[in-house]
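What follows is the residue order along each chain.
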Amino acid sequence: MADFSGHWAFSFGVLGNIASFFVFLSPLPTFYNIYKKKSTEGYQSIQYVVALLSAMLWIYYAFIKTNTPLLITINSFGCFVEIIYVSFYLFYAPKGARVQTVKLLLSSVVGGFGAIFLVTQFLFIGVVRLQVVGWICLVFSLCVFAAPLNVVRQVIKTKSVEYIPFLLSIFLTLSAVMWFFYGLLLKDFNIAIPNVLGFIFGVLQIVLYMMYNKKEEVFVKEQKITELKNHVIILHNDKNFPELSEEQIIEIVKLGSLISCTQKFDLALCMHENIAEDHKRWRQALEI
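Residues numbered from 1 in each chain as written. Predicted model: local features only at pLDDT ≥ 70, side-chain atom pairs only at ≥ 80, totals over all residues. Heavy atoms only, no water.

(A) Region of interest: the overall build of the chain. Across its full length, the chain holds ten helices and zero strands. When the helices and strands of the chain are placed in sequence order, the string is α-α-α-α-α-α-α-α-α-α. Taking all 288 residues of the chain together, 34% fall into the buried category. In the chain, the proportion of contacts linking residues at least 24 apart, taken out of those at least 6 apart, comes to 74%. In the form shown here, the chain has an accessible surface area of approximately 18400 Å², with 69% of it arising from carbon and sulfur atoms. (Helix = DSSP H or I, 4+ residues; strand = E, 2+ residues; numbered from the N terminus. Buried < 20%, exposed > 50% of the residue type's maximum accessible area, 1.4 Å probe, protein only. Contact = heavy atoms within 4.5 Å. Areas by Shrake-Rupley, 256 points an atom, 1.4 Å probe, with all protein chains shown as cover.)

(B) Focus on the UniProt feature "transmembrane region" (unreviewed entry) in the chain. The residues that UniProt annotates with the feature "transmembrane region" (unreviewed entry) are residues 6-25, 46-64, 70-92, 104-126, 132-152, 164-185 and 191-212. In the segment residues 70-92, helix accounts for 100% and strand for 0%; the C-alpha atoms at its two ends are 34 Å apart. (UniProt positions renumbered as here; feature names shortened; annotations may be inferred.)

(C) Spotlight on unusual backbone geometry. Look at T66: it is not a glycine, yet its phi comes out positive at around 75 degrees. Looking at the element boundaries, T66 is found in the loop between α3 (46-65) and α4 (69-92). Positive phi, normally seen in glycine, also occurs at K187, with a value near 60 degrees. Relative to the helices and strands, K187 resides in the loop between α8 (166-185) and α9 (189-229). Taking the relative accessible area as the measure of exposure, K187 reaches 69% and is therefore exposed.

(D) Structural detail: the packing of aromatic side chains. The full count for this structure, using the stated rule, is 19 aromatic pairs. Residues F21 and F22 carry aromatic rings whose centres are separated by 5.5 Å and whose planes lie at 85 degrees to one another, so their mutual orientation is edge-to-face. For F21, a relative accessible area of 33% gives the class partly exposed. According to the relative accessible area criterion, F22 is partly exposed, its value standing at 37%. Where W179 meets Y182, the ring centres are 5.1 Å apart and the plane angle is 90 degrees; that geometry is what we call edge-to-face. Here the residue W179 and the residue Y182 both occupy positions in helix α8, the gap between them amounting to three residues, near one helical turn. Taken as a pair, W179 and Y182 share a single burial class, namely buried. A cation sits over an aromatic face here: K38 above Y35, 3.8 Å from the ring centre. (Phe/Tyr/Trp six-rings, centres within 6.5 Å; stacked < 30°, edge-to-face > 60°. Lys NZ or Arg CZ within 6 Å of the ring centre and 35° of its normal.)

(E) Local environment of the nonpolar core. Counting 40 residues, the largest nonpolar core has L57, L71, L105 and Y182 as the members making the most contacts within it. Sorting elements by how many residues they give to this core places α3 first, with eleven residues. If sequence neighbours within four positions are ignored, Y182 has contacts with A9, F12, G13, T68, L70 and I191. Counting six residues, the second-largest nonpolar core is a separate cluster that includes V151, V161, L208 and Y212. (Core = buried A, V, L, I, M, F, W, Y, C linked by side-chain atoms within 4.5 Å.)

(F) Focus on the side chain of N17. Along the polypeptide, N17 turns up in helix α1 (residues 2-25). There is a polar contact of 2.8 Å between the side chain of N17 and the backbone oxygen of G13. Excluding residues that lie within four positions of it along the chain, N17 makes contacts with L70, T73, I74 and W179. (Polar contact = N/O pair within 3.5 Å; in protein donor to acceptor, adjacent residues only side chain to side chain.)

(G) Geometry of the confidence of the model for the chain. Overall, the prediction assigns the chain a mean pLDDT of 78, with 71% of residues at 70 or greater. In the model of the chain, helix α10 (residues 246-287) stands out as the element of lowest mean pLDDT, 52, in contrast to α4, which has the highest, 94. Note on residues 259-265: pLDDT under 50 across the span, and zero contacts to partners over four residues away in sequence or across chains. (pLDDT = per-residue confidence, 0-100.)

(H) View of the pattern of salt bridges. The final tally for this structure, using the stated rule, is one salt bridge. D188 is the partner of K65 in a salt bridge, and the nearest nitrogen-oxygen pair spans 3.3 Å. On the criterion of sequence distance, the pair formed by K65 in helix α3 and D188 in the loop between α8 and α9 is long-range, its members being 123 residues apart. Looking at D188, the relative accessible area reads 4%, which means it is buried. (Salt bridge = Lys/Arg side-chain N within 4 Å of Asp/Glu carboxyl O.)

(I) Structural view of helix α6 (residues 126-146). For α6, which comprises 21 residues, the first-to-last C-alpha distance of 31 Å matches the rise-based estimate of 30 Å (1.5 Å per residue) to within 8%. Listing the buried residues of α6 in full gives R129, V133, G134, I136, C137, L138, S141 and F145. (Expected span 1.5 Å × (residues − 1).)

Here it is in structure tokens:
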């Protein structure tokens, strides 16, 4: 039975590595937008700094536990990617955000991880050390999963999905499911428990994206219809003139565009004929 659960744990661990790989890569569209705008306006660095610290702590935990190589592989990749993200953010961030990010790095990654490492190495031994580090990892994993709550608040406030990381929400939900079963099969609740919250937050972000993305599409359509109506004269006072539908208004505008193009073509042709006639008369006058 132990071998059976071990094989299943390994399978879920591999799937968790794959899903987490895409979780770490999911902010790429965000940083592509930052690169295009040459600015980090509207984006924050705290989630990347917290994710970096969390990955470092899970590597430390995996080395103490000794039998979880799948935690080492994915979190090593996570550290590498998060360092790139933070460096990229610092490069394009304004001075205030850059200073704040550097302070956050020094206080959490350098100071925080350094303090945890020294305290657990010198004050705890054996199983107690593993338990202490495990609980610390659990708390920071909850912080990582809770970090997008700021984005959720912004989406609800602005009713816009511009800053919601949709790809991150998808892969975060899948990753949470895989790592939950991985921790459950290994009977390691430090791994399993945080992923319950991760699954809830992932589903919440997906639901919000679907809700507000649909509202944005409706708003854009209504705005376009309003703009079209401003270019169309509707005779409301004429009882015999039927009320036009949105589709009819669009067709009228298209037809008007075609008529305008035709009128421009006729005008150009008429001018060309007039110039040719004047040229002919000028030549006749010279011959005389």
